[in-house]
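Here's the letter readout for the chains.
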Amino acid sequence: MDWFEPRNFREWARRVFSPRPIVLILLIFGFLISELRFDWIEQVLGAYLVSTNSNRPESGAIWEIGQKTIKAQQTLEQIATDRISSQREALGADSFAEIASNIALDQGVMLSSDQFRKLYLKLSPLTAQEIASPFELLKLFNDENLDRIYFEKAGDGLKIYFLDHQNRVLRKLKIAPALLHRIEQGEIALQGPLENFDSFRNRIYQADRFFDALASLPEEDRRSVVSRPEMFLNISGYISRIGISDEAVSGFIQLGFEIEDPAGLRVMLIQGREWAVWHLRSQLEAKASSFSILGIPGNVK
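Residues numbered from 1 in each chain as written. Predicted model: local features only at pLDDT ≥ 70, side-chain atom pairs only at ≥ 80, totals over all residues. Heavy atoms only, no water.

**Quick notes on the packing of helix 2 (residues 19-38) against helix 3 (residues 40-51)**
Rule in force here: Axis lines are fitted through C-alpha atoms, for helices just across the contact stretch, and the angle between N-to-C directions can take any value from 0 to 180 degrees. A helix here means a DSSP run of H or I that spans at least four residues, while a strand means a run of E at least two residues long, and both kinds are numbered starting from the N terminus. Note that the term roughly parallel is reserved for angles under 35 degrees, roughly antiparallel for angles over 145, roughly perpendicular for angles of 65 to 115, and oblique for everything else. Note on contacts: a residue pair is in contact if any heavy atoms of the two residues lie within 4.5 Å. Ten residues, namely Ala, Val, Leu, Ile, Met, Phe, Trp, Tyr, Cys and Pro, are considered nonpolar, four, namely Asp, Glu, Lys and Arg, are considered charged, and the remaining ones, Gly among them, are considered polar.
Packing of helix 2 against helix 3 leaves a shortest axis separation of 6 Å and a crossing angle of 70°. When the interaxial angle is binned, helix 2 and helix 3 end up roughly perpendicular. Each of F31, S34, E35 and F38 in helix 2 lies in contact with helix 3, whose residues at this interface are W40, I41, E42 and Q43. Residues of the contact of helix 2 with helix 3, tallied by class, amount to four nonpolar, two polar and two charged.

**Quick word on the nonpolar core**
For clarity, the threshold we go by: Take the buried residues of types Ala, Val, Leu, Ile, Met, Phe, Trp, Tyr and Cys, join any two whose side-chain atoms come within 4.5 Å, and each joined set is a nonpolar core. When a residue's accessible area, from a 1.4 Å probe over protein chains only, is under 20% of the maximum for its type it is buried; when over 50% it is exposed; and in between it is partly exposed.
Counting residues in hydrophobic clusters, the biggest one holds 28 residues, and the most contacted among them are F96, F116, I131, F151, I160 and F162. Considering each element in turn, this core owes the most residues, four residues, to helix 5 (residues 96-102). Discounting residues that sit within four places of it in the chain, F96 has contacts with F116, L119, Y120, L123, I131, F151, L158, I160, I175, L180 and I183. Judged by nonpolar contacts, the second largest core, of 24 residues, contains A207, L214, I259 and A276.

**Looking at the pairing of strand 3 (residues 157-164)**
To keep things clear, this is the line we draw: By definition, two strands form a pair when at least two bridges between them are found by DSSP.
The buried fraction of strand 3 amounts to seven of the eight residues, a majority that puts the element mostly inside the structure. Across eight bridges, strand 2 (residues 146-154) lies against strand 3 in antiparallel orientation. Looking at the pairing, Y150 lines up with Y161 of strand 3. Linkage of strand 2 to strand 3, two consecutive antiparallel strands, is achieved through a turn of two residues, within which G155 is found at a positive phi near 65°. Here six bridges tie strand 3 to strand 4 (residues 169-175), and the two strands are oriented antiparallel to one another. Of the residues in strand 4, the one forming a bridge with Y161 is K172. Hairpin remark: strand 3 followed by strand 4, antiparallel, with four residues in the connecting loop; positive phi at N167, about 65°.

Next up, the structure:
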């Protein structure tokens with residue numbers, strides 16, 4: 001091998017076109033052609049990156065975009081799952097309060113008009129009247145444009161939209177939080193005597209005296225105290241005493257009917273309108289005073 005610089009063009013040509021440079025150039029061209037044809041460098045590099053992927057930090061714009069995409073998909077799946085769950089629970093709800101408790105804030109569920117009617121008819125007449133007049137609902141349900149009913153959570157309350165086939169609002173109703181609370185309490189029965197309830201202390205009356213005082217009131221007042229008297233006809237046993245709370249909540253006062261049956265004592269709790277219950281209390285106190293004047297014990301228990 002000559003280690004000195006060529007002295008003329010002939011010397012340059014002899015060195016360039018010698019076997020070694022030609023073989024080297026052919027090897028380089030073969031290398032480039034094989035890469036262009038088979039992409040084996042990319043494949044080898046990709047295999048290496050895959051094998052070392054778990055050891056490399058997760059960073060870069062592509063990785064961040066992928067992570068955002070995964071999170072977005074998970075969020076959408078969760079929203080869809082929550083909506084399906086809320087819809088399923090709403091379909092099986094027994095009251096408007098139960099629907100409200102199963103709906104997340106600023107979300108809603110869709111029910112049919114038949115389901116709304118069932119929930120509405122379960123309410124006492126007084127409570128149902130506060131949501132909407134039966135005559136108003138009768139007009140709405142007789143409208144051929146009514147298609148479905150949408151319930152939306154609004155704070156602690158509930159909004160109800162009556163929609164047509166094109167999702168236009170035919171009527172909008174609102175159930176206040178206080179009314180939802182009364183619906184949730186409902187007419188429930190608890191085991192034990194009236195003495196278990198502090199709110200009825202010193203305001204417990206014998207059933208015969210209570211019903212005598214109730215009978216002295218006008219029909220409208222009686223219905224305002226006990227909105228559904230027919231429900232007591234379905235109970236087993238008999239009513240022995242009635243307790244009246246002295247606390248009014250949103251214009252209503254709680255009454256407790258103590259029922260005796262072979263299973264023991266239980267108390268049925270209902271809600272009566274405040275003004276009607278106070279009117280009844282005045283009748284009971286007047287009767288108690290008259291009994292005391294005649295020498296008959298006027299104790300309420």
